[in-house]
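# Chain and residue survey
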Amino acid sequence: KHTLNLPKTSFPMKADLPRREREIRAYWDRIDLYRRIREARRGRPRFVLHDGPPYANESIHLGQAVNKILKDFVVRSRSMMGRDAPYVPGWDCHGLPIEHRVDRELGPAKAGMTPLEIRARCRAYAEHFIGVQREEFRRLGVLWDHEADRREEAAGLPSRTAIYRTLDRSYEAEIVRQLGEFFSRGSVYYGDKPVHWCPSCKTALAEAEVEYEERDDPSIYVKFPAQGLEARAPELRGRPASFVIWTTTPWTLPANLAVAVHPDLRYVAVERDGEAVIVAEGLLEQVSKDLGWEEPRRLGSRLGRELAGEPGPVVVLDKPYPTPGLGPSRLVLARHVTLEAGTGSVHTAPGHGAEDFHTGQEYGLPPFNPVGDDGTFLPDRVVPDWLKGVFVLDANGPIVEDLARRGLLLKADTVRHSYPHCWRCRSPVLFRATPQWFISMEAGGLRQKALRAIHETRWIPASGEPRIAQMMETRPDWCISRQRSWGVPLPAVVCSRCIAGDPQAFLRDRALFEHLERLFLEEGSDAWFGAPDGRGHRPYASREQRLHRLVPEPLACPRCGKRDRLDIHDHIVDVWFESGVSHSAVLGRRAELPWPSDLYLEGHDQYRGWFHSSLLVAVHDRDRAPYREVVTHGFVLDSEGRKMSKSLGNVVSPIEVADRRGAEILRLWVSMVDFVEDMPISEEALDRIAEAYRKIRNTFRYLLGNLSGFRPQTDRVPYAEMEEIDRWALQRLEQLRRRLVAAYEAHQYHVVYHALYKFCAVTLSAVYLDILKDRLYTAPKRSRARRSAQTVLHRLARDLSRLAAPVLCFTAEEVWQELEGIEGRPRWDGASVHAEEFPGPAEIPEDRDLLERWERLMDVREEAAKALEAARREKRIGSSLEASVRIEAPEALARFLSSFGPALETVLIASEVELGPAGEGAHRSDRIEGLAVEVRRAEGAKCARCWRYTRDVGSDPALPEVCARCAAAVREAAP
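Here's a quick rundown of the structure.

An order of 29-28-31-30 is seen for the four strands of this open sheet, with the pairing classed as mixed. Of all strands in the sheet, those with a lone pairing partner are strand 29 (912-915) and strand 30 (923-924), marking the two edges. Two strands pair when backbone bridges link them, and strand 28 (residues 883-888) and strand 31 (residues 932-937) are joined in this way by six bridges, in the antiparallel orientation. In the sheet register, Ser-884 faces strand 31, and the bridge partner there is Arg-936. Across the sheet, helix 27 (residues 848-873) is in contact with strand 28, strand 30 and strand 31; its angle to strand 31 comes to roughly 40°.

Written out as structure tokens, the structure is:
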């Protein structure tokens, strides 16, 4: 045994990943790996992935882990492709989620606090969780300039370069600059329009802050008695007539101002109990079925435009709840009316719906909204006394009962439907008109610019392009104001007198925004709420002091020219606008971070979020998208395909997985899934990944273990002098290299995983390394045959560790440090695999004939393996080395096999292989015509050194237990 070349390495079989990963991360910190990589790529073409900021709230969840790991794959792989790939991670710090958490912590105490005090608590909360998440991302192997990050953190700098935060002064100043561009170019307006409103959080919400959940609500048919219809439909003269509407929001009926019909749809009047009831002809059958009308008698039909269009008298309707001062409802025309559901006549409340609002604008109807910020009916609005102070959704039941009592209800039922909810507090959302600040999608051609930029961008998957384009085509104007304390103030300065008559009586002057940009850069956005006092800011002593500090002279109302009437609106900016500014706040300010970015990579929910807002800010400012390419990933689901949530108890903590199994297991899982789709995860899936990792690790261990005593500088064998199977292995390695580099380039990390795993588990472990064992262990240590194999093993270890490094960042580093020792350099002494580049094209001729020759031989080997396995099951042999294999083959195949000579025994791992007729019990292939394999016990004795059965064991009297081949090897190794 002591004469065998058995594997020897310090690379352990047991990974002990949770401990070892921390040690490797400490090594990276010690050598300042990020800077070392950047120095190695100095002067190379740049590749910039711009980080979409996660929210600085709580520990990271699995979706955030997937996102950051994918980005780490991108940055590391692009760097190893020879690109200079800087990475600056960011954090979203403002807005409702953080303030919502702080509200809960403060409780009743918040009522007595100033905005500055609330903001200080919110800032502390955000900074705490930035610290938490920073360490959690580091735990997963995500690399950025950690050393600079630590230095900037310790110095308490108000703005950072290693990371970015939306609460940094420089970032807040850029938000004001971008807002100034929208204001000064006439893209911003002030209006009383319906918006998504959360009555729990008491603020407007963006589309991206709304999630849809199933909910049960009333489904009711209601009559609207009509007056003045006889002049337009004489066949109805002498009988009362009513339009029928259908709604699932009875609480909006007190705000009704109209009923809308489509100009081109035909409406039919049918007789019910002496009354004419009007519905769309295309929906009559369904309505009749729902209301139990059996073959209703038709009285006549008219197009919508004949009933409500010009010329002719206005048709008015008796709305269920009169609104003195606003008059009765009226019949109007609207093209958003469809035959998809309902009656074809749509209850219209301009204060509670986007389409209703636009219809109201056409007919001069105000956006009447009787609902307060808390979602209750206001006591000073014209609604029944029994509704005042009632929460709107609680009012549905009483309203339905009241309509029934008054004979206006035709039917009431319950419908389960998708209803908007606040993404943060999960409460139902209302659509209600409130005075807000908007960016027009049409001003300056913003919508068309955005659509053009979408089509100039590469989207992965390709379906992303039409998806975001459709969103952009249909999105309403952008509501950018929010009613909270924590965020960047919206610099809205209005004339308190003129604004009532002219909603555009506000300041648009660049001087205002340039002044505020300088102020925020110097003091931060707290300057909006107070003056500096040496320790921060204190509330302004007076309105005049505030106005003097925030609005530079001689700015005044653009309408009346008065300055003393200026009033400051205290809204904050939509956080999606804030994050949409990130490309401008981070990129283009340093040579190493050029604008635009090469890549944005986020979850597919960001089509209506960060991709969307970033695009609008960029095309308005620079007429092009802030990204050249956009890649999206799906959500992480549990094993049953459900979205992860605390309420379901199915949340998987990425840090818990890393601390229990190792971050490498999570990283390998991320590489395994096809991330453009939703990704189910389970303990069973992680078990399978852990087993795959074990096989990959053991492959590396085998490669390293058999390089003991090999010095690449002196022992390497030229390609032309190698054994044929060694040349085949290098050809296969080159195929793998090309495939993996192309997969990294295309973000196809599942291809990287599957190709790497299959190469390690099949091409190497099951074939090449299995065949190689005899030569590695038994050939003379310094023989050309063994050095040929070691040359390939060394190349495999170097190339595979580099190719695996973006995914298996810790393990690849371990392997590389072992190679440092093998190559005669100190381990863990400053080198890193991540500062290397992917292997370039092999300096060997491409040999397709060799590959095809060995592919053909592997087919025969597979059939022989079946025969050997059958012999083992029948207990005719134990190991394959106890076998003598006879192969029967057609003449051409026999000639082919004979060309391998004695190598056939090595390939089949048998003691003897011969060509000739096979006996009756032979395995006959159903894949290779004419091939049969017969297995018998080998003759001769077992060599105690190589375990092969030969007839020359003992031929050397001095070594009676070994075969002649081993005897020669032992003598060659003797001192």
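Next comes the rest of the write-up.
In this section: the pairing of strand 6 (residues 241-247). Strand 6 sits mainly inside the fold: six of its seven residues count as buried. Of the strand pairs in this sheet, strand 6 and strand 9 (residues 275-280) are connected by three bridges, and their pairing is parallel. Looking across to strand 9, one finds that Ser-242 is bridged to Val-277.

Here the focus is the environment of Ala-206. Residue position: Ala-206 is located in the loop between strand 4 (203-204) and strand 5 (210-227). Note: C-alpha distance between Ala-206 and Arg-608 (402 residues apart in sequence) is 9.6 Å. The residues contacting Ala-206, other than those within four sequence positions of it, are Arg-482, Asp-574 and Trp-576.

If you trace the three strands from one edge of the open sheet to the other, you get 16-25-24, paired in parallel fashion. The open sheet has two free edges, formed respectively by strand 16 (458-460) and strand 24 (597-603), since each of these has just one partner strand. Each neighbouring strand pair of the sheet contributes to a mean axis angle of 15°, computed without reference to strand direction.

This next bit is on the packing of aromatic side chains. Scanning the entire structure with this criterion turns up 29 aromatic pairs. Ring centres 5.9 Å apart and planes at 45° place the aromatic pair Phe-183 and Trp-437 in the tilted group. Note that Phe-183 is positioned in helix 7 (residues 169-184) and Trp-437 in strand 15 (residues 430-439), a separation of 254 residues in sequence. Of the two residues, Phe-183 and Trp-437, neither departs from the other in class, the shared state being buried. Between the aromatic rings of Trp-459 and Tyr-627, the centroid separation amounts to 5.8 Å while the plane-to-plane angle is 75°, which identifies the pairing as edge-to-face. With Trp-459 in strand 16 and Tyr-627 in strand 25 (residues 627-633), the pair connects residues that are 168 residues apart, well separated along the chain. Here Trp-459 matches Tyr-627 in class, with each residue buried. By the ring-pair criterion, three or more aromatic residues cluster together here, those being Trp-459, Tyr-600, Tyr-607, Trp-610, Phe-611 and Tyr-627. Looking at Arg-76, its charged tip hangs above the ring of Trp-28, at a distance of 5.1 Å from the centre. The cationic tip of Arg-406 hangs over the ring face of Tyr-321; the distance from NZ or CZ to the ring centre is 5.0 Å.

Our next topic: the side chain of Ser-832. Relative to the elements of secondary structure, Ser-832 occurs in the loop between helix 26 (809-822) and helix 27. Assessed through its relative accessible area of 2%, Ser-832 is described here as buried. Side-chain polar atoms of Ser-832 contact the side chain of Glu-813, separated by 2.5 Å. A polar contact of 3.1 Å, which involves the side chain of Ser-832, links it to the backbone nitrogen of His-834.

Quick notes on the rules
Residues numbered from 1 in each chain as written. Predicted model: local features only at pLDDT ≥ 70, side-chain atom pairs only at ≥ 80, totals over all residues. Heavy atoms only, no water. Pairing = 2+ DSSP bridges. Helix = DSSP H or I, 4+ residues; strand = E, 2+ residues; numbered from the N terminus. Contact = heavy atoms within 4.5 Å. Axes fitted to C-alpha atoms, helices over the stretch in contact; angles between N-to-C directions. Buried < 20%, exposed > 50% of the residue type's maximum accessible area, 1.4 Å probe, protein only. Phe/Tyr/Trp six-rings, centres within 6.5 Å; stacked < 30°, edge-to-face > 60°. Lys NZ or Arg CZ within 6 Å of the ring centre and 35° of its normal. Polar contact = N/O pair within 3.5 Å; in protein donor to acceptor, adjacent residues only side chain to side chain.

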